[in-house]
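# Notes for the structure review
For reference, the chains in residue letters:
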Amino acid sequence: MTPHQIYEAIRSLPVPERLRLVERVVHDVAEAPAPGEGSPKPSLLGLFEQEPEVIDEICSQALRDRSVRRLRTDE
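To keep things clear, this report deals only with the structure shown in the data block. This is a predicted model, so every value here is computed, not measured.

### Side note on the packing of helix α1 (residues 3-11) against helix α4 (residues 52-68)
The interhelical angle for the contact between α1 and α4, taken along N-to-C directions, is 20°, at an axis separation of 10 Å. In terms of their interaxial angle, α1 and α4 are classed as roughly parallel. Of the two possible hands of crossing, α1 and α4 adopt the one that is left-handed. The residues of α4 that touch α1, namely those facing His 4, Tyr 7 and Arg 11, are Val 54, Glu 57, Ile 58 and Gln 61. Its residues placed into classes, the contact of α1 with α4 shows three nonpolar, two polar and two charged.

### Overview of the side chain of Glu 51
Turning to its location among the elements, Glu 51 is positioned in the loop between α3 (44-47) and α4. The buried charged residue Glu 51 lacks any salt bridge, with Arg 11 as its nearest oppositely charged partner at 12 Å. Aside from chain neighbours lying at most four places away, what touches Glu 51 is Pro 3 and His 4.

Definitions and limits used
Residues numbered from 1 in each chain as written. Predicted model: local features only at pLDDT ≥ 70, side-chain atom pairs only at ≥ 80, totals over all residues. Heavy atoms only, no water. Axes fitted to C-alpha atoms, helices over the stretch in contact; angles between N-to-C directions. Helix = DSSP H or I, 4+ residues; strand = E, 2+ residues; numbered from the N terminus. Parallel < 35°, antiparallel > 145°, perpendicular 65-115°, else oblique. Left-handed = near helix turned anticlockwise from the far one by under 90°. Contact = heavy atoms within 4.5 Å. Nonpolar A, V, L, I, M, F, W, Y, C, P; charged D, E, K, R; others polar. Buried < 20%, exposed > 50% of the residue type's maximum accessible area, 1.4 Å probe, protein only. Lys, Arg positive; Asp, Glu negative; His and termini not counted. Salt bridge = Lys/Arg side-chain N within 4 Å of Asp/Glu carboxyl O.

Encoded structure:
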């Protein structure tokens, strides 16, 4: 599956699920060991280095959603 296909699959999710997914990815990246600690993991942005338009679209969508929706629900 290409990064573009993954992104399109993510876009088909309802907004609350997309936000939870993004939050989970951010936490996974933030909790990854620092370089030299444990097994090396590629950076999230590095995974998309050949797909700059995908990163641009993700950022644009996040900013649009953030401007009109609360990022957290009162669940």
